[in-house]
Each structure stands twice: as structure tokens, then as C-alpha cells.
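Residue-level structural notes
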Amino acid sequence: MGRIRGRTRIVAAATTAALAGILHGPVPVAAEPSPLVVGLGTLLDSTIALLPPAPAEHTPYAGQTCPDGSSTCIDATIARMQERLAGLAESCEHSVIFSLAYLRVTEDVREAVREGDYVDPVWLGQVDAVFAEDYFETVANWEAGRKDLVPRAWQIALAAEDDRSMSALGNFMLAMNAHINRDFPHVTAEVGLTGADGTSHKRDHDMYNKRLDALLDPVFTEMAARFDPTFDDLDISVPAAVIMRGWREMVWRHAEALVLAPTPAAKRLVVQEIEAYAAAQALMIRTMFAIPDSAKRDAWCAQHGRG
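Counting restarts for each chain, with residues numbered from 1 along the sequence as it is written. Per-residue local features of the predicted model are confined to residues with pLDDT of at least 70, and side-chain atom pairs are confined, for both listing and counting, to 80 or more; whole-chain, interface and lining totals are unaffected and use all residues. Heavy atoms from the whole structure form the basis of all side-chain values; hydrogens and water molecules are not counted.

Topic: the overall build of the protein
For the record, the criterion: Secondary structure follows DSSP: runs of H or I at least 4 residues long count as helices, runs of E at least 2 residues long count as strands, and numbering of each begins at the N terminus. Each residue's exposure class comes from its accessible area (1.4 Å probe, protein chains only) as a fraction of the maximum for that residue type: buried when under 20%, exposed when over 50%, partly exposed otherwise. What makes two residues a contact is simply this: any of their non-hydrogen atoms within 4.5 Å. Per-residue and other accessible areas follow the Shrake-Rupley method at a 1.4 Å probe size, with only the shown protein chains counted as cover for residues.
Counting its regular elements, the protein contains 11 helices and zero strands. Across the protein, helices and strands are ordered from the amino to the carboxyl terminus as α-α-α-α-α-α-α-α-α-α-α. Counting over 307 residues, the protein shows a buried share of 51%. If you take every contact in the protein between residues at least 6 apart in sequence, the share linking residues at least 24 apart comes to 83%. Entry remark: accessible area of the protein is about 13700 Å², with carbon and sulfur atoms responsible for 59%.

This is how it looks when you write it as C-alpha cells:
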């Protein structure tokens, strides 16, 4: 447990520094992906690979959401996301930002499965379905007024969407933080860290980092075209490579800590640590991306948002 805690502190410090670096000043967006991003991603991936996963016993997934890990589960999730996105785009709700981003990521995950990128696509199918179900449950609770059931990081993100006081990039970062840093460790721990043959799922978890690098630019371009023309005014490709890897590495280490906690009391401490980390990231993002009003953004969405 000590090694896991030490790793999470190092990763947290690097990720916080990268977040702070986003707003050092406007940088023109590159016409094509920077070789620096490719090189940095390779370096970070090599460093992460030097940190082996902690040994964890195989525990069969016992949940009711996509129990067989079928590819049809991700198809159903995408259909549900498409329906939600259409309604949000029609009304220009600020939650449309994460809705679009999550849909595009999920579509890309499906493509990765089809291309054979995952060693264990059944595990991936279960993770993807449980992860999405957590999100749908969270927004349902929020929209129904059951805010006491919504985790703190999500409360910050969803309140910022409702009060329309953030840039679109800020909404994106807040929701990504809540879903990754708060939800993802619990999902990963629930579905399992180790396959039946004793092989860690860490390779499949890490594999997606490079695909995410390549996905951000087209997603940001679509966001700017449809919902907020300022979305891609800052080139955050370099800090994003650090932030997303840092967050995803924290996910795995927090999941390990949940699974390997020796007592219920120790597990409760890990849960508290996850909640505190995600909320602290949310408060920092909330401050960084606040705007006086959203009139220009909303007018743009009204004209272009339906896509």
C-alpha cells in the first residue's frame, strides 16, 4: 500500500503542474499534431511501463451490467449517448460538451476493439458498459434533484454546466476529471484488475493513451465548430498528454488501493482519498476556466450546434 500511495503522490504532482500550465498564455493551434506530443507521449508511456502493476488476484466480475462483455453492449451505449447528445444540442445545454466528447471516445473505443487493440475485449466491454452506466446514473440523480447522491467532483462539474459560467473547455475538463478521477477507479476495481489467467489488465488500460492523443484534436475541432468557437484557441496538446496519462495512471493506482485494502476501514480511507483528489482537481479547474457570461458561446451553439 505504501508503494501505491507514493506513486499516486508523484503522479498527482505532475498532473497538477500540467493543469496549471494550460493557461500560461494563448498558443496558436498547430496545423498538424506536434512531433513534441508524439515524443512526449512515447516518453511518458515508457516511464509508466517501468511501474509494474501491483499483484492482485483474479476476481470474476459479478455485476449485472454487460455481464458477458459482449460487443453489443458498446453498441447499445453509443445509441443511448447519441440520443442524449441530440437533445442537449437542440437546447444548447452546456452538458452537451461532455456528451459529445464521451460519445466520440466511446466510438473510438469500439473501433479499437474492432481493430484488435485489446488483449481482453470482454474485460473492456464490461468496463466500458459499467463506466457509462455510472455516468448515466449520476446525471439522472442530478437532474431529478437527488444531489446528495452525486459525488462532490460531479456536483462541481454539473453545477458549472447549469449556471453557464464556464468556457466550453472548462466544462470539458471538469466532467472529464469527475468521470475519470472519481468514477473510473471504482469501475476498474469492480470489473477486476487481473484476468483469469493471472495476466494484469494494466496493458489494456494503458494502451488507450496514444489513441486518446490522436482523438483530442478532431474532438476539439468539432467542439469549436458546433458549440464554442474559442474551444480550440489554446493548444493544450502537450499538457493534455501529461494530464490524461496522469489521471489514467491515478485511476489504476487508486483501483489497486481499493482492491488491495486489507480492511474495510482501510478501503474507506482509499475512497475518501479518491473523492478528495477528484474534488481538488475540480475546484482548480473551476477557477481556471470561469467566464463572465456565456452569451457569445450560446449564440454560436444556437446557430451551429445541431451539426
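Details of unusual backbone geometry
Keep in mind that most residues, glycine aside, have a negative phi and that most peptide bonds are trans. Residues other than glycine seldom take positive phi values, yet Cys 66 does so here, at roughly 50 degrees. Looking at where Cys 66 falls in the secondary structure, it is placed in the loop between helix H2 (35–49) and helix H3 (71–91). Positive phi, close to 55 degrees, is recorded for Cys 92, a residue that is not glycine. Within the secondary structure layout, Cys 92 lies in the loop between H3 and helix H4 (96–114).

Description of helix H10 (residues 264–288)
Here is the rule we go by: How far a helix is expected to stretch is found by multiplying one less than its residue total by 1.5 Å.
Helix length check: H10 (25 residues) gives 37 Å between terminal C-alpha atoms against 36 Å at 1.5 Å per residue, within 8%. For H10, the set of buried residues is Ala 266, Val 270, Ile 274, Glu 275, Tyr 277, Ala 278, Ala 279, Gln 281, Ala 282 and Ile 285.

Quick look at the state of the cysteines
Formally: Two cysteine sulfurs form a disulfide in these notes if their separation is within 2.5 Å.
Taken as a whole, this structure holds two disulfides when the rule is applied. A sulfur-sulfur distance of 2.1 Å marks the disulfide that ties Cys 66 to Cys 73. As the torsion about the S-S bond is roughly 100 degrees, the Cys 66-Cys 73 disulfide counts as right-handed. Comparing Cys 66 with Cys 73 shows no difference in burial state: the two are buried. There is a disulfide in this structure between Cys 92 and Cys 301, and the S-S distance comes to 2.1 Å. Here the S-S torsion is close to -100 degrees, and the disulfide linking Cys 92 with Cys 301 is therefore left-handed. Here Cys 92 is found in the loop between H3 and H4, whereas its partner Cys 301 is found in helix H11 (residues 295–304), with 209 residues between them in sequence.

Observations concerning the packing of helix H8 (residues 202–226) against helix H9 (residues 237–260)
In plain terms, the rule: Think of each axis as a best-fit line through the C-alpha atoms, taken over the contacting stretch in the case of a helix, with angles from 0 to 180 degrees between the N-to-C directions. The labels follow the angle: roughly parallel below 35 degrees, roughly antiparallel above 145, roughly perpendicular from 65 to 115, and oblique for the rest. Here a crossing is taken to be left-handed if its near helix is turned anticlockwise relative to the far helix by less than a right angle, and right-handed if that turn runs clockwise. Gly falls in the polar group here, along with every residue not listed as nonpolar (Ala, Val, Leu, Ile, Met, Phe, Trp, Tyr, Cys, Pro) or charged (Asp, Glu, Lys, Arg).
Viewed as axis vectors pointing N to C, H8 and H9 meet at an angle of 160 degrees, and their least axial separation amounts to 10 Å. Looking at the two axes, H8 sits roughly antiparallel to H9. The two elements H8 and H9 meet at a crossing, and its hand is right-handed. In contact with Lys 202, His 205, Asp 206, Tyr 208, Asn 209, Lys 210, Leu 212, Asp 213 and Leu 216 of H8, H9 contributes Ala 240, Ala 241, Met 244, Arg 245, Arg 248, Glu 249, Val 251, Trp 252 and Arg 253. Classifying every residue of the contact of H8 with H9 gives eight nonpolar, two polar and eight charged.

Some remarks on the pattern of salt bridges
Worth spelling out the cut-off: We count a salt bridge whenever a side-chain nitrogen from Lys or Arg sits within 4 Å of a carboxyl oxygen from Asp or Glu.
Taken as a whole, this structure holds 21 salt bridges when the rule is applied. A salt bridge links Glu 115 to Arg 211; the shortest N-O distance between them is 2.9 Å. With Glu 115 in the loop between H4 and helix H5 (121–143) and Arg 211 in helix H8, this residue pair connects regions lying 96 residues apart in the sequence. Since its relative accessible area comes to 46%, Glu 115 is described here as partly exposed. Residues Glu 256 and Arg 253 are paired through a salt bridge, measuring 3.1 Å at the closest nitrogen-oxygen approach. One end of the pair, Glu 256, and the other, Arg 253, are both in helix H9, three residues apart, so they sit about a helical turn from each other.

Notes on the packing of aromatic side chains
Pairs of aromatic rings are described using the distance from one ring centre to the other and the angle between the two planes. Short version of the rule: Only Phe, Tyr and Trp rings are paired, with Trp represented by its six-membered ring, and only when their centres lie within 6.5 Å; those with planes under 30 degrees apart are stacked, over 60 edge-to-face, the remainder tilted.
Scanning the entire structure with this criterion turns up 11 aromatic pairs. Here the aromatic rings of Phe 98 and Tyr 135 are separated by 5.2 Å at their centres, their planes lie at 70 degrees, and the arrangement is edge-to-face. One end of the pair, Phe 98, is in helix H4; the other, Tyr 135, is in helix H5, with 37 residues separating them in the sequence. The same class applies to Phe 98 as to Tyr 135, namely buried.

Side note on the nonpolar core
Here is the rule we go by: Here, the term nonpolar core denotes a set of buried Ala, Val, Leu, Ile, Met, Phe, Trp, Tyr and Cys residues that are joined through side-chain atoms within 4.5 Å.
Counting 78 residues, the largest nonpolar core has Trp 154, Phe 172, Phe 231 and Trp 247 as the members making the most contacts within it. For this core, the secondary-structure elements that each account for two or more residues are H3, H4, H5, helix H6 (152–163), helix H7 (168–191), H8, H9 and H10. Ranked by the residues each element gives to this core, the list is headed by H7, at 12 residues. In this structure, Phe 172 is in contact with Ile 97, Ala 101, Leu 216, Phe 220, Phe 231 and Met 244, ignoring residues within four places of it in sequence.

These figures capture arrangement, not role.
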